[in-house]
Amino acid sequence: MLGTAAILFILKWLQLTFGGPSQQLVFLVLIAYAAWYGGLRAGLFITLLSAATSDYFLTEPYSSFYIAQPSEIVRLVLLVGIGAMSSLLITRLHNQEQQILHRVMDREEQLKQQISEHNRTQAERDLYISLTKSSTEFIGMCDTQGIPFFINEAGLRLVGLDSLEQALKTPVEDFFFPEDQAFIVDQFFPTVFENGSGDVEIRFRHFKTGAALWMIYNVFALKDSSNKIVGFGTVSTNITEHKRIENALRESQMDLNRAQAVAHVGSWRMNVRNNILEWSDENFRIFGLPKDTPLTYQSFLNAVHPADRELVDATWQDALTGKPYDIEHRIIVDRNVKWVRELAELEFDEHGALLGGFGTSEDITDIKNSQEALQHERAFLRQVIDAVPSVIFVKDAEGRFLLGNEALARFCGTSIENLIGLTSESVNPNTDEAAQFYKNDIEIISTCKPKIIPEEKVTHADGSLHWYSTVKIPLIDDDHCTKLLGVATDITERKRAEEALRLADRRKDEFLAMLAHELRNPLAPIRNAVQLLKMQKTTTSQLAWSSDVIDRQVTHMVRLLDDLLDVARIMQGKVRLELERFELNDIINNAVETSRPLIESRKQELIISQTTPPQWLIGDRVRLAQVLSNLLNNAAKYTGEGGKIMLNVMREDANAVIEVKDTGIGISADILPHIFDLFSQADHSLAYSQGGLGIGLTLVRRLVEIHGGTVTAASGGIGQGSSFKVRLPALPMDSSAAEPALAEPVLPTPKLRILVVDDYADAAESMMMLLQAKGHEVEIADCGMKAIERAQVFHPQVVLLDIGLPDMDGYETAKRLRALPEAQEATLIALTGHGQTEDYERSQSAGFSHYLLKPLNFDELSAVLASL
């Protein structure tokens, strides 16, 4: 537009200049268009071409370049000048227009681009908003002061915020776990500000529960157009579950490492392609190598004990061909030997090609040491049980031997190795014994209770008979018993010794009985003679004294014999107690009466003290009187003339207590613990001077004990006297006293026909003289056959029959007399020097009515005769 207007203006001016239209004006138009569209060069060219054309075609002469008129020259010069100026002007105008047009077009393009960019930015913004809304990540932005201005909905839900408004009021640092806030503010944000971005694994805080949320916190700087940081943006990923799994895996790995450490089992993987060996932590510990030490197969072999290296290598090479890899071998760790057990399985890739093997290494050093110690212990125990002379064995419920020692092998006539699995039936030729053994075994296993078999006969494999004392104990495992342990001791020699001892004991008893009999026999006529002397009413003091001395010594001898026989019976447990209820004073009076002659003969003072009401007991009054009499006699013997003996009667709880104290020689400390032992005496020299066998206190203790009581001795030492205290169970104090027995009237002794049978002539004749002095009709016989003959003629009412007769003993004689009509009703009285319990029992079974010991107490005999 601007160019066209300029051309029209120039043409108008030229028209005025040239004085109207002319053909040259056409050339000017052409020059103007050429300059507009072709530029300065085109305009100048057209200018020159127009001048030439005008000169040739429009100037006279025509068709010639000759110019005749000067005005034509001026017109051509003016045409060229105007054309050149027009070209220059129009070219400049065209260029300006083009520049303006280009600027307009550039602006238009810019506007189009801005519109397109705006549209794209809006689309991207819409896309970002859509992605932000649909994203599960935490997306947020804040200014440089840490104040949020955007958080997506997923982020709000993640941290437990109900609205964006609530989030925008919360400083960024409050989004983090309290322990991590200082790190975010003081370290992380300054780093992001400096570098423009950053990321870290850190804990967010859930605003409602306070729980920690593990996040990958990825932060980038927000910049304006001047590249100035105006805030921060974040796209953070919740890795809480990943962390939980990671922690679980870590804990699992730690548990695995801990389990391997506890179990002393490591794991390994051998890659045969690249010769890389991987070990677990425990494997490094087992082999004593630092963790992460590069490993190869050869480094493993180097750790193996040289003596085992070839075997280990061969086993591994075999394993690579498919054979099992299970081996125990030694390794060297810090110059020490350790034992390991290794197991492995081959590993293959997805194509089936061999990769290597995965295996375990177990430290079995302790196990090997324990096995070695166990082997030593077993060998030691084997030596012990084989050295034990007793038979030791273990059997199962089927009666099979599971273990046995050398003694059992000898018993069974085989070796220990061949013994295992055998039964008693297969090694014992006596089937009854084997059946009894199995019966006992089943009883013990089924009841789970041990059994002691004191004695049992066992036949050895060689047929010899032995005696064993056996203990069988159930072996219980998990509350079940399927086996038993037996220990059997060969007591054959002991049985023989016991049999020999019983034989010796029986011979001893027979000897004692014979000794008593032989000693009593000469005492009988002596006592009878003394009784005859006393009956003579002599006035000679010397004769009376002699009679008393003989009588006392006979009585003392009888007491010694009684004690000797009593202690033998008590030691064998053959004593019999005649239990009855009686008052304690009865035995005290009897004992004092018995011991008083000895006490008075030594001019000693007996002091009796009783501070309790009458006490009642149940026991054998004769035996208990014997206890007290022995204690009094003992005190009298060991106390000098003029000494004192104290008899104290008291009560302690439920016991009646009798104490005998003296001022005698006392008991030394070394003798006191043994004072009640058999044949023990306080002072041998004095004891011999006073007489005694050292059995009196033994009798005291045994008689008291079988009555349920105790006896103790005490002494301050030599010269300090002694004290004996007897405790006996007593009846309650409120027990009613027994009614006193009425004294039976003394009846005159009837005159009887008495047959005295005794092979000891002095005893028979002296007894006949005593009985005749009492008015009885008496005949004598010196053997059993004569007694039977005399009885048929004499018709005796009483037969005093000695047991030890030369032709037949008194028991057989008594039986035959009982068979005679003439002696069927006669009272048979046994006279014997034997005082054993079995002798008394035999006399009753033989038909004797009474049993009297020699030397006969004539008063006792008179009492028996008076009762007939």
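Residues numbered from 1 in each chain as written. Predicted model: local features only at pLDDT ≥ 70, side-chain atom pairs only at ≥ 80, totals over all residues. Heavy atoms only, no water.

(A) Spotlight on the overall build of the chain. From N to C terminus, the chain includes 27 helices and 27 strands. For the chain, the residues scored as buried account for 40% of the 868 residues in total. Long-range pairs, those at least 24 residues apart, make up 58% of the contacts in the chain with a sequence separation of at least 6. About 48,300 Å² of surface is accessible on the chain, with carbon and sulfur atoms providing 56% of the total. (Helix = DSSP H or I, 4+ residues; strand = E, 2+ residues; numbered from the N terminus. Buried < 20%, exposed > 50% of the residue type's maximum accessible area, 1.4 Å probe, protein only. Contact = heavy atoms within 4.5 Å. Areas by Shrake-Rupley, 256 points an atom, 1.4 Å probe, with all protein chains shown as cover.)

(B) Quick look at the pairing of strand β15 (residues 480-490). Relative to β15, strand β11 (residues 391-396) runs antiparallel, the two being bridged by 6 bridges. Residue Asp396 lies in a different strand from β15, and its bridge partner there is Lys483. Summarising the sheet, strand β14 (residues 465-477) and β15 pair through 10 bridges and their orientation is antiparallel. Bridge assignment links Ser469 to a residue of β15, and that residue is Thr489. From the end of β14 to the start of β15, which pair antiparallel, there are 2 residues, and Asp478 there has a positive phi angle of about 55°. (Pairing = 2+ DSSP bridges.)

(C) Inspection of unusual backbone geometry at higher detail. Positive phi is not limited to glycine here, since Cys448 has a value of about 60°. Tracing the sequence through the fold places Cys448 in the loop between α16 (431-447) and β13 (451-459). Of note in this structure, Lys603 is not a glycine but carries a positive phi near 50°. Examined against the element boundaries, Lys603 turns out to sit in the loop between α19 (584-601) and β17 (605-610).

(D) How the structure looks around a nonpolar patch on the surface. On the surface, a nonpolar cluster with roughly 230 Å² of combined accessible area is contributed by Leu40, Leu44 and Leu88. In this structure, Leu40 sits in helix α3 (residues 40-58). A relative accessible area of 33% places Leu40 in the partly exposed class. (Patch = residues over 30% accessible without salt bridge, like charges linked within 9 Å, V, L, I, M, F, W, Y side chains within 5 Å. Salt bridge = Lys/Arg side-chain N within 4 Å of Asp/Glu carboxyl O.)

(E) Inspection of the pairing of strand β19 (residues 644-652) at higher detail. Inspection of the sheet shows β17 paired to β19 by 6 bridges, in the parallel sense. Paired with Ile607 across the two strands is Met646, which belongs to β19. In this structure, β19 lies alongside strand β20 (residues 655-662), joined through 8 bridges in antiparallel fashion. Looking at β20, one finds that Val649 is bridged to Ile658. If you look at the hairpin formed by β19 and β20, you'll find 2 residues sitting between the two strands, and Asp653 has a positive phi there, around 55°.

(F) Just the sheet that holds strand β22 (residues 722-729), in detail. With respect to topology, 5 strands assemble into an open sheet ordered β17-β19-β20-β22-β21, the strand pairing being mixed. Taken across any chain shown, the strands that pair with only one partner, and hence form the sheet edges, are β17 and β21 (710-715). Sheet twist, expressed as the average angle between the axes of neighbouring strands with direction ignored, equals 15°. Its contacts with the sheet place α19 against β17, β19 and β20, and it is angled at close to 170° to β19. (Axes fitted to C-alpha atoms, helices over the stretch in contact; angles between N-to-C directions.)

(G) Broad picture of the pattern of salt bridges. Summed over all chains, the structure comprises 32 salt bridges. For Arg269, the salt bridge goes to Glu347, with nearest N and O atoms at 2.9 Å. One end of the pair, Arg269, is in strand β6 (residues 265-271); the other, Glu347, is in strand β9 (residues 336-348), with 78 residues separating them in the sequence. Close ionic contact of Asp349 with Arg273 constitutes a salt bridge, the shortest N to O distance being 2.7 Å. Here Asp349, found in the loop between β9 and β10 (354-363), pairs with Arg273, found in the loop between β6 and β7 (276-279); they are 76 residues apart in sequence, far enough to count as distant.

(H) Quick look at the sheet that holds β13. Read from one edge of the open sheet, 5 strands run β12-β11-β15-β14-β13, paired in antiparallel fashion. One side of each edge strand has no neighbouring strand; the edge strands of this open sheet are β12 (401-404) and β13. On average, adjacent strands in this sheet sit at an angle of 30° to one another, irrespective of strand direction.

(I) Highlighting α16. Between its first and last C-alpha, α16 extends 24 Å over 17 residues, near the 24 Å set by a 1.5 Å rise per residue. Of all the positions in α16, only Glu433, Ala434, Phe437, Asn440, Asp441, Ile444 and Ile445 are classed as buried. Angularly, the buried residues of α16 cover 130° about the axis, an arc narrow enough to put them on a single face. Across α16 from its buried face, at more than 90 degrees, point the exposed residues Thr431, Asp432, Lys439 and Ser446. Those residues of α16 that are buried lie in contact with β11, α15 (424-427), β13, β14 and β15. N-capping of α16 is provided by Asn430, with a side-chain oxygen placed 3.1 Å from the backbone N of Asp432. After α16 finishes, the residue Cys448 shows a positive phi value of roughly 60°. (Expected span 1.5 Å × (residues − 1). Arc of directions from axis to C-beta. Polar contact = N/O pair within 3.5 Å; in protein donor to acceptor, adjacent residues only side chain to side chain.)

(J) Expanded view of the packing of aromatic side chains. Considering all chains together, one arrives at 24 aromatic pairs under this definition. Ring centres 6.2 Å apart and planes at 70° place the aromatic pair Phe138 and Phe175 in the edge-to-face group. Of this pair, Phe138 sits in strand β1 (residues 138-143) while Phe175 is found in the loop between α6 (164-168) and α7 (178-195), placing the two residues 37 residues apart along the sequence. The pair formed by Phe138 and Phe175 is uniform in burial state, with each residue classed as buried. Here Tyr811 and Phe848 contribute two aromatic rings whose centre-to-centre distance is 6.5 Å and whose plane-to-plane angle is 85°, an arrangement assigned as edge-to-face. Of this pair, Tyr811 sits in helix α25 (residues 810-819) while Phe848 sits in the loop between α26 (837-846) and β27 (850-853), and the two are 37 residues apart along the sequence. Looking at Lys243, its charged tip hangs above the ring of Trp214, at a distance of 4.5 Å from the centre. Over the ring of Trp616 we find Arg581, and its NZ or CZ is 4.8 Å from the ring centre. (Phe/Tyr/Trp six-rings, centres within 6.5 Å; stacked < 30°, edge-to-face > 60°. Lys NZ or Arg CZ within 6 Å of the ring centre and 35° of its normal.)

(K) Structural context of the packing of α19 against helix α20 (residues 621-637). Two numbers describe how α19 lies on α20: the axes approach to 8 Å, and their chain directions differ by 35°. Between α19 and α20 the crossing geometry is right-handed. In this structure, α19 uses Asp586, Ile587, Ile588, Asn590, Ala591, Val592, Thr594, Ser595, Leu598 and Ile599 to contact α20, whose residues at the interface are Arg621, Leu624, Ala625, Leu628, Ser629, Leu632, Asn633, Ala636 and Lys637. A class-by-class count of the residues in the contact of α19 with α20 yields 11 nonpolar, 5 polar and 3 charged. (Left-handed = near helix turned anticlockwise from the far one by under 90°. Nonpolar A, V, L, I, M, F, W, Y, C, P; charged D, E, K, R; others polar.)

(L) A look at the confidence of the model for the chain. Taken over all residues, the pLDDT of the chain has a mean of 82, while the share at 70 or more is 84%. No element of the chain has a lower mean pLDDT than helix α21 (residues 684-690), at 41, and none a higher one than helix α11 (residues 306-319), at 95. Note that pLDDT drops below 50 for residues 682-693; the model gives that stretch 23 contacts with residues more than four away or on any other chain. The model gives residues 736-746 a pLDDT under 50, and that stretch makes 5 contacts with residues more than four places away or in other chains. (pLDDT = per-residue confidence, 0-100.)

(M) Here's a closer look at the state of the cysteines. Under the definition given, this model contains 0 disulfides. There is no disulfide at Cys481, and the cysteine sulfur nearest it, in Cys448, is 4.4 Å away. (Disulfide = S-S within 2.5 Å.)

(N) Fine view of helix α22 (residues 696-706). All buried positions along α22 are accounted for by Leu697, Thr698, Leu699, Val700, Leu703 and Val704. With its phi angle positive at about 80°, Gly708 sits one or two positions after the end of α22.

(O) Molecular detail of the side chain of Thr170. Note that Thr170 resides in the loop between α6 and α7. Residue classification places Thr170 among the buried residues on the basis of a relative accessible area of 11%. From its side chain, Thr170 meets the backbone oxygen of Gln166 in a polar contact 3.0 Å long. Sequence-distant contacts of Thr170, that is, excluding residues within four places in its chain, are made with Pro148, Phe175 and Phe207.

(P) Spatial organisation of the side chain of Thr315. Tracing the chain through its elements places Thr315 in helix α11. A distance of 2.7 Å separates a polar atom in the side chain of Thr315 from the backbone oxygen of Leu311. Not counting the four nearest positions on each side in its chain, Thr315 is found in contact with Tyr325 and Ile327.

(Q) Layout of the environment of Glu605. With respect to the helices and strands, the residue Glu605 is situated in strand β17. The exposure class assigned to Glu605 is partly exposed, which follows from its relative accessible area of 40%. Taking the C-alpha atoms as reference, Glu605 lies 6.8 Å from Gly642; in sequence the two are 37 residues apart. Sequence-distant contacts of Glu605, that is, excluding residues within four places in its chain, are made with Gly643, Lys644 and Ile645.

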